[in-house]
Amino acid sequence: MSAVVLAACSGGSSAGSGGAPASPSDTAAPVTLQWWTGQTSDAQKTLDGLAKEFTALHPNVTIEGSSGAPTTDDLLQKVTAGFASDTYPDISYAFGSWATQLGESGKTLDLTEKVKDPAVAWDQFPESARLTASPGGKVLGVPAIVDNLALIYNPELFKAAGVAEPTADWTWDDFRAAAKAISDPSKNIYGTAYSVSGSEDTTWHFWPLLWQRGGDVLTPDEKKSAFNSQAGVDSLELLRAMAVDDKSVYLDQTDEKYGPLFADGRIGMIISGPWQLYDLVQKKTPYKVQVLPGVNGNHQTVSGPDVWVLFDHGDANRAYWSFEFVKWLTSPEVDVRWNLAQGNLPLRSSAASTPEYTQYVKDYPGGDVMFANLQNATKPRPTVSGYVGLSRYVGEAIAKTLQGAATPKQALDEAAKKADVALAGG
């Protein structure tokens with residue numbers, strides 16, 4: 001993505017206090033805003049072009065841009081370090097899991113009233129994305145990217161193994177049986193794959209299994225862990241049995257190998273998202289997409305929505321134009337030119353009726369299944385400030401278990417003790 005900088009030439013910037021944006025005295029006054037996008041060069045070129053369109057429509061607004069940091073992962077530290085020196089941007093891309101931490105900084109704008117404007121069409125964003133952008137009920141940004149995990153499979157490997165292809169009614173028992181039947185050690189073919197790096201990639205793949213069984217990540221007050229419930233133990237036992245007993249799971253130590261191996265026809269099924277489709281299309285890999293297997297008809301998935309977070313500099317003009325720009329960028333007609341061009345899902349439900357979406361589905365078969373699957377993303381990942389630590393401990397527990405070094409209950413109980421410390425601010 002490209003970064004845009006809109007900084008107020010009319011008046012200096014003072015450290016923000018996290019309030020609701022006031023009305024500017026003069027919306028025609030020159031303004032410059034800083035936009036940190038956290039995107040790669042190709043995506044950034046697209047956003048640079050859109051930024052130029054916006055400034056052509058509003059000549060008093062200057063948009064200068066940069067990615068903001070060497071990688072998206074580095075953005076959080078860069079933004080938070082900037083709070084002390086008043087060098088933080090007006091707008092920044094942020095992973096959804098950062099939302100609470102950024103909100104607690106006191107530096108974000110409160111957009112709760114702004115998004116009630118019918119022109120924003122707030123209800124067209126998926127529920128999980130709206131909740132992620134509203135930690136504690138305060139809206140601090142606008143969804144930037146939405147996604148979800150679905151089942152991507154190779155129909156040729158299913159045919160070769162004599163296994164019926166997945167259906168929308170599949171259970172996890174069906175998934176396990178298919179993975180075992182497809183696995184062929186003599187040909188280095190695995191039924192499925194799972195990351196054991198211990199990263200968030202390891203952890204968030206686990207949440208749908210937990211939720212489908214009625215479990216949850218946190219207690220209702222979000223103060224303590226709840227993932228080590230019986231639902232959690234049963235979910236991890238399924239994965240353990242597949243990896244250790246059936247040996248049908250390729251255990252990826254890096255997060256980076258299972259996608260290319262699937263693209264090369266070495267893995268029958270992976271649980272992944274829309275970002276995977278671009279590589280599969282480029283590689284001409286035979287693939288189809290289905291919703292996740294379910295438990296008792298519950299096919300809940302997980303979404304990882306990211307957010308354009310808006311920051312307060314105590315300047316009404318900067319606050320006004322920051323919101324106007326993000327509102328324009330995420331509008332139905334502009335979003336389809338940005339997200340769909342990158343192979344991402346559209347942000348809004350209304351996009352399904354656009355010619356750009358029709359072309360997207362042609363270019364990326366299965367994208368329509370993933371778009372519809374947003375309806376199965378009914379819970380947001382926690383955005384509490386201790387989530388980063390919790391995720392790491394859960395990831396380590398999963399990795400140990402899938403490699404035969406711990407039982408599910410032992411691993412999850414140990415992770416819960418450590419996660420509770422992180423949730424308490426330790």
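Residues numbered from 1 in each chain as written. Predicted model: local features only at pLDDT ≥ 70, side-chain atom pairs only at ≥ 80, totals over all residues. Heavy atoms only, no water.

Q: So what's going on with the overall build of the chain? Which residues, and what values?
A: Along the chain, the regular secondary structure elements total 17 helices and eleven strands. Computed over C-alpha atoms, the radius of gyration of the chain comes to 22 Å, within 12% of the 22 Å expected from 2.2 N^0.38 for 426 residues, which places it in the range of a compact globule. In terms of overall dimensions, the chain has C-alpha extents of about 70 × 50 × 35 Å along its principal axes. Here the chain holds 426 residues, and 56% of them are scored as buried. Counting every atom, the chain has about 17,100 Å² of accessible surface; 50% of that belongs to carbon and sulfur. Averaging the coordinates of the 34 positive side-chain charges in the chain and doing the same for the 49 negative ones gives two points 4 Å apart. (Helix = DSSP H or I, 4+ residues; strand = E, 2+ residues; numbered from the N terminus. Rg over C-alpha atoms; globule rule 2.2 N^0.38 Å. Buried < 20%, exposed > 50% of the residue type's maximum accessible area, 1.4 Å probe, protein only. Areas by Shrake-Rupley, 256 points an atom, 1.4 Å probe, with all protein chains shown as cover. Lys, Arg positive; Asp, Glu negative; His and termini not counted. Charge placed at Lys NZ, Arg CZ, Asp CG, Glu CD.)

Q: Describe helix α11 (residues 275–283), with residues and values.
A: Those residues of α11 that sit buried are Q276, L277 and L280. Buried residues in α11, looked at end-on, bunch into an arc of 100 degrees, giving them a common side. Looking at the buried positions of α11, the neighbouring elements they touch are β6 (150–153), α10 (258–263), β9 (269–272), β10 (288–290) and α15 (367–373). (Arc of directions from axis to C-beta. Contact = heavy atoms within 4.5 Å.)

Q: Lay out the nonpolar core in plain terms, naming residues and giving numbers.
A: In this structure, W35, L102, I152, L277, W308, F325 and L329 are the most contacted members of the largest nonpolar core, which totals 74 residues. Here the element with the most residues in this core is helix α12 (residues 316–329); it accounts for seven residues. (Core = buried A, V, L, I, M, F, W, Y, C linked by side-chain atoms within 4.5 Å.)

Q: Hey, could you go over the packing of aromatic side chains for me, with residue numbers and the actual values?
A: Two aromatic rings are characterised by how far apart their centres lie and by the angle between their planes. Tallying each qualifying case throughout the model produces 24 aromatic pairs. Geometrically, the ring pair formed by Y88 and F311 is edge-to-face, given 6.0 Å between the ring centres and 70 degrees between the ring planes. In this pair, Y88 sits in the loop between α2 (75–85) and β4 (91–95) while F311 sits in the loop between β11 (306–310) and α12, placing the two residues 223 residues apart along the sequence. Across the pair, exposure class does not vary: Y88 and F311 are buried alike. Positioned above the aromatic ring of W36, the side-chain terminus of K78 is 4.6 Å from the ring centre. Stacked on the ring of Y393, the Lys or Arg R392 has its end atom at 4.9 Å from the ring centre. (Phe/Tyr/Trp six-rings, centres within 6.5 Å; stacked < 30°, edge-to-face > 60°. Lys NZ or Arg CZ within 6 Å of the ring centre and 35° of its normal.)

Q: Tell me what's going on with helix α16 (residues 387–402), and back it up with residues and numbers.
A: Here α16 contains 16 residues, and its C-alpha end-to-end distance of 22 Å stays within 8% of the 22 Å for a straight helix at 1.5 Å per residue. With twelve of its 16 residues buried, α16 lies for the most part within the structure. Those residues of α16 that sit buried are Y387, G389, L390, S391, Y393, V394, G395, A397, I398, A399, T401 and L402. Close packing links the buried residues of α16 with β7 (192–195), α7 (200–204), α8 (207–212), α9 (230–246), β8 (249–252) and α17 (408–423). Just beyond α16, the residue with positive phi is G404, at close to 75 degrees. (Expected span 1.5 Å × (residues − 1).)

Q: Tell me about the pairing of strand β2 (residues 31–36), residues and numbers included.
A: Among the six residues of β2, five are classified as buried, and the element is accordingly described as predominantly covered. Each parallel crossover has a hand, and the one from β2 via helix α1 (residues 41–57) to strand β3 (residues 61–66) is right-handed. Two elements, β2 and β4, share two bridges in a ladder whose sense is parallel. Looking at β4, one finds that W36 is bridged to S92. (Right-handed = clockwise from strand over helix to strand, strands pointing away. Pairing = 2+ DSSP bridges.)

Q: Residue-level account of the confidence of the model for the chain, with values.
A: Confidence along the chain averages 92 in pLDDT terms, with 95% of residues attaining 70 or more. Per-residue pLDDT stays below 50 along residues 1–16; that stretch engages in 92 contacts with residues further than four places along the chain or on separate chains. (pLDDT = per-residue confidence, 0-100.)

Q: Describe the environment of A43, listing the residues and the values that go with them.
A: Tracing the backbone through its elements, the reader meets A43 in helix α1. Considered as a pair, A43 and V384 are 341 residues apart in the sequence and their alpha carbons are 29 Å apart.

Q: Explain the side chain of S128 to me, and be specific about the residues and the numbers.
A: Positionally, S128 belongs in helix α4 (residues 127–132). Judged by its relative accessible area of 2%, S128 falls in the buried class.

Q: How would you summarise the packing of helix α6 (residues 172–182) against α9 if you had to cite specific residues and measurements?
A: Put simply, α6 and α9 touch, their axes get as near as 11 Å, and they point 15 degrees apart. In terms of their interaxial angle, α6 and α9 are classed as roughly parallel. Crossing of α6 over α9 shows right-handed handedness. Between α6 and α9, the contacting residues are W172, F175, R176, A179 and K180 on the first element and L238, A241, M242 and D246 on the second. Here the contact of α6 with α9 is built from residues that sort into six nonpolar, no polar and three charged. (Axes fitted to C-alpha atoms, helices over the stretch in contact; angles between N-to-C directions. Parallel < 35°, antiparallel > 145°, perpendicular 65-115°, else oblique. Left-handed = near helix turned anticlockwise from the far one by under 90°. Nonpolar A, V, L, I, M, F, W, Y, C, P; charged D, E, K, R; others polar.)

Q: For the pairing of β9, give the residues involved together with the corresponding values.
A: Every other side chain in a regular strand lies on the same face of the sheet, so the side chains alternate between the two faces. Because side chains alternate across β9, one face comprises the buried residues M269 and I271, and the other comprises I270 and S272, equally buried. With four bridges joining them, β6 and β9 adopt antiparallel strand pairing. Bridging across to β9, L151 finds its partner in I271.

Q: Quick rundown of the environment of G268? Include the residues and the values.
A: Its place among the elements puts G268 in the loop between α10 and β9. On the accessibility criterion, G268 (0% relative accessible area) is buried. The spatial distance from the C-alpha of G268 to the C-alpha of D184 is 10 Å, given a sequence separation of 84 residues. Dropping the residues within four chain positions of it, G268 is found in contact with I152, Y153, N154, L157, F158, I182, Y190, G191 and F262.

Q: An account of the sheet that holds β6 is needed here, citing residue identities and associated values.
A: The three strands lie next to each other as β9-β6-β10, forming an open sheet whose pairing is antiparallel. A single partner strand is all that each edge strand has here, and the edge strands are β9 and β10. Adjacent strand axes in the sheet meet at a mean angle of 30 degrees when their direction is disregarded.

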